[in-house]
Amino acid sequence: MSDSTDTTEPEAVRSNSQPMSAGIVTALVGFTSSFAVVLTGLAAVGADATEAASGLLILCVTQALGMLWLSRRYRMPITLAWSTPGAALLAGAGAVEGGWPAAVGAFIVVGIAIVLTGLWPTLGRIISAIPTPLAQAMLAGVLMPLCLAPIIAVRDAPAAVAPVILVWLAAQRFSKRWAVPLAFLTAAVVIGISLVTSDRVLDAGAMIPRIDLTAPSWTWQAMIGIAIPLYIVTMASQNIPGVAVMNSFGYTVPWRPPMIVTGIGTIVGAPAGGHAINLAAISAALAAAPTAHPDPKRRWIAAFTAGWAYLVLAAGAAAVAALVAAAPAGVVETVAGLALLATLAGALTSALSEASEREGAVVTFLIAASGVSILGIGSAFWALLVGLIVRAVLQGTTLPSLSRKSSLQSKP
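Residues numbered from 1 in each chain as written. Predicted model: local features only at pLDDT ≥ 70, side-chain atom pairs only at ≥ 80, totals over all residues. Heavy atoms only, no water.

### Section: the packing of helix α8 (residues 158-174) against helix α15 (residues 331-351)
Let me state the cut-off plainly: Axis lines are fitted through C-alpha atoms, for helices just across the contact stretch, and the angle between N-to-C directions can take any value from 0 to 180 degrees. Numbering goes from the N terminus for both helices and strands, where a helix is a DSSP run of H or I of at least four residues and a strand is a run of E of at least two. Any angle between 65 and 115 degrees counts as roughly perpendicular, while under 35 counts as roughly parallel, over 145 as roughly antiparallel, and the rest as oblique. Take the far helix as your reference; a near helix turned counterclockwise from it by less than a right angle gives a left-handed crossing, and one turned clockwise gives a right-handed crossing. Residues count as neighbours in contact if any of their non-hydrogen atoms are within 4.5 Å of one another. Think of it as three bins: nonpolar holds Ala, Val, Leu, Ile, Met, Phe, Trp, Tyr, Cys and Pro, charged holds Asp, Glu, Lys and Arg, and polar takes everything else, Gly as well.
Packing of α8 against α15 leaves a shortest axis separation of 9 Å and a crossing angle of 25°. Considered as vectors, α8 and α15 are oriented roughly parallel to each other. Taken as a pair, α8 and α15 cross one another with a handedness that is right-handed. Residues Ala 160, Val 161, Val 164, Ile 165 and Trp 168 of α8 pack against Val 331, Thr 334, Val 335, Leu 338 and Leu 341 of α15. Here the contact of α8 with α15 is built from residues that sort into 9 nonpolar, 1 polar and no charged.

As structure tokens, this is what we get:
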């Protein structure tokens, strides 16, 4: 009996260590590669430093709890993430009528819409019926100003920004996965040097984790300018691709439970500053690929471990936000811009992939990139609206048909 136990336990430990390591890497890469975008987006729509730090913390917690439940319940490596494209959209949208409370109200509406998408499959089909080139062109336009930030920062603060870009470029050559995290570590060193050589002081009190609640309000400008584009971007650029990524690794993700879980998580997290959580797309591969474990039935441990890792990272969210607040001008913007380059490249490729859709996609891209605000509504909404009109005129069509083939899974 003892011989059997001695043989089995080390094998079990070895079997679990691989997916657990993959889960830790998934959380670390997911957090460090895009937290700067989240803080930038929340600040743009009116959050102060404390509210933005609270938002980052609650996003970690809500997506962690969702991952823990979904991965264990369905024995699949179902990973969740905050909506990075959504945060980028917020950064481009800027403050709306009603300020931060109105933005919080818009986040709650997005959460409700995601829940309804899980309960009412027709809503999901409406989103999937929006032409992919137009949705991706809108996203690319929103990302463009953020991705230009490193160029502007090099002009304005070359000594602070150049090391970050050089480390990112070197890491791209050897390990793309760790390029942005290493760029952030370099930025942290730059911030540390700046604090030592200047009279600025890091706010120790701001490094203590805390939840800062905001009573929501609702304005029609926030509903149209934030809620609708944020919902579309989260669905089209995160949830639907997230299902496709999982399918590519042989997993059929049930559509309804993740939508309900992420929708409720978004609603619960909104008063604390969380803008949206969703199925992971890019980082999903880190937990679902064979590198996480040769046996597909054991890879759920990677997502489960990532959930616990995000709870640990949540405790450090305030410290990270405080460090970002102390950064020299241009450094955080550079990290955020570098983090979004791959997303921008993918969005542009998708937007221009179909020749018949290019005119509408280019118009959508330009309007979204312009940052114009009309009637208090940001450019993302107008970009998609005008893009659909241009497409209809040029192709002689009306609104996209709901009969288009969808990749959504409607079963519970």
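Once the structure has been displayed, the description carries forward.
### Describing the layout of surface pockets
Put simply, the rule is: A 1.4 Å probe that fits but cannot get out identifies a cavity on a 1 Å grid over protein atoms alone, an open set with protein on both sides within 12 Å along at least five of seven lines counts as a pocket, and a residue lines either if it has an atom within 4 Å of a point. Grid points are joined across faces, edges and corners, and a volume is the space filled by probe spheres set on the points.
The computed volume of the largest pocket comes to approximately 960 Å³. Lining the largest pocket are 38 residues, and of these Ile 282, Ser 283, Ala 339, Ala 342 and Thr 343 lie nearest its centre. A total of 9 residues in the lining of the largest pocket trace back to one element, the largest contributor, which is α15. Looking at the lining of the largest pocket residue by residue, the class counts come to 23 nonpolar, 13 polar and 2 charged.

### So, the pattern of salt bridges
Note the threshold: Criterion for a salt bridge: a side-chain nitrogen of Lys or Arg within 4 Å of a carboxyl oxygen of Asp or Glu. Partly exposed describes any residue whose relative accessible area lies between the buried limit of under 20% and the exposed limit of over 50%, with all areas from a 1.4 Å probe on protein chains only and scaled to the type maximum.
Considering all chains together, one arrives at 3 salt bridges under this definition. When the shortest N-O distance is used, the salt bridge between Asp 212 and Arg 210 registers 3.1 Å. Exposure remark for Asp 212: the relative accessible area of 16% places this residue in the buried category. A residue is classified by how much of its surface remains accessible, and Arg 210, at 48% relative accessible area, is partly exposed. The shortest N-O distance in the salt bridge between Arg 391 and Glu 357 comes to 2.9 Å. With a gap of 34 residues between them, Arg 391 in helix α17 (residues 379-395) and Glu 357 in the loop between α15 and α16 (358-370) connect regions that are remote in the sequence.

### Comments concerning a nonpolar patch on the surface
How we decide: Here a patch means residues that are over 30% exposed by relative accessible area and free of salt bridges, tied together within 9 Å if like-charged and within 5 Å if nonpolar (Val, Leu, Ile, Met, Phe, Trp, Tyr). Note on areas: Shrake-Rupley, 1.4 Å probe, and residue coverage restricted to the protein chains presented here.
Taken together, the side chains of Ile 24, Leu 28, Trp 178, Leu 182 and Leu 185 define a hydrophobic patch exposed on the protein surface, amounting to about 410 Å² of accessible area. Looking at the nonpolar patch, the elements with two or more residues in it are α1 (2-32) and α9 (179-197). Here Ile 24 lies in helix α1.

### Description of the packing of aromatic side chains
Note the following rule: Two rings from Phe, Tyr or Trp (for Trp, the six-membered ring) form a pair when their centres are within 6.5 Å of each other. A pair whose planes differ by under 30 degrees is stacked, one over 60 is edge-to-face, and the rest are tilted. When the NZ atom of lysine or the CZ atom of arginine is within 6 Å of a ring's centre and also within 35 degrees of its normal, the charge is said to sit over that ring.
Using the criterion set out here, one finds 9 aromatic pairs in the structure. Both rings, one in Trp 100 and one in Phe 107, keep their centres 5.9 Å apart while their planes meet at 75°; by these two values the pair is edge-to-face. Pair check on accessibility: Trp 100 and Phe 107 agree, each one buried. We note Arg 73 situated over the ring of Tyr 74; from NZ or CZ to the ring centre the distance is 4.7 Å. Against the face of Phe 174 rests Arg 173, its NZ or CZ located 5.5 Å from the ring centre.

### Some remarks on helix α13 (residues 300-315)
Filter applied, for reference: To estimate how far a helix should extend, the number of its residues minus one is multiplied by 1.5 Å.
Along its 16 residues, α13 runs 24 Å from first to last C-alpha, staying within 8% of the 22 Å computed at 1.5 Å per residue. With 12 of 16 residues buried, α13 is to be regarded as a mostly interior element. By the burial criterion, the buried members of α13 are Trp 300, Ile 301, Ala 302, Ala 303, Phe 304, Thr 305, Ala 306, Gly 307, Ala 309, Tyr 310, Leu 313 and Ala 314.

### Section: the nonpolar core
Stated formally: Here, nonpolar core refers to any group of buried Ala, Val, Leu, Ile, Met, Phe, Trp, Tyr and Cys residues whose side-chain atoms link them within 4.5 Å.
One finds Phe 31, Phe 35, Trp 82, Phe 107, Ile 226, Tyr 231 and Tyr 310 to be the most contacted residues of the largest nonpolar core, which totals 115 residues. Counting residues per element, this core draws most heavily on helix α10 (residues 220-248), which supplies 13 residues. With residues up to four places along the chain from it excluded, the contact list for Tyr 310 reads Thr 26, Ala 27, Gly 30, Phe 31, Cys 60, Gln 63, Ala 64, Met 67 and Trp 82.

### As for the confidence of the model for the chain
What counts here: Scored from 0 to 100, pLDDT reflects the predictor's confidence in each residue.
Mean pLDDT for the chain: 86, with 93% of residues reaching 70 or above. The model gives residues 1-9 a pLDDT under 50, and that stretch makes 1 contact with residues more than four places away or in other chains. Below a pLDDT of 50 lies the segment residues 402-412, which in the model reaches 32 contacts outside its immediate sequence neighbourhood of four places, other chains included.

### What about α9?
The end-to-end C-alpha separation of α9 is 27 Å, in line with the 27 Å expected for 19 residues at 1.5 Å each. Among the residues making up α9, those that are buried are Ala 179, Val 180, Pro 181, Ala 183, Phe 184, Thr 186, Ala 187, Val 190, Ile 191, Ser 194 and Leu 195.

### Overview of the environment of Trp 178
In this fold, Trp 178 is placed in the loop between α8 and α9. Residue classification places Trp 178 among the partly exposed positions, given a relative accessible area of 30%. Trp 178 sits 10 residues away from Trp 168 along the chain, and the two C-alpha atoms are 8.6 Å apart. Excluding anything up to four places from it in sequence, Trp 178 contacts Val 25, Leu 28 and Val 29.

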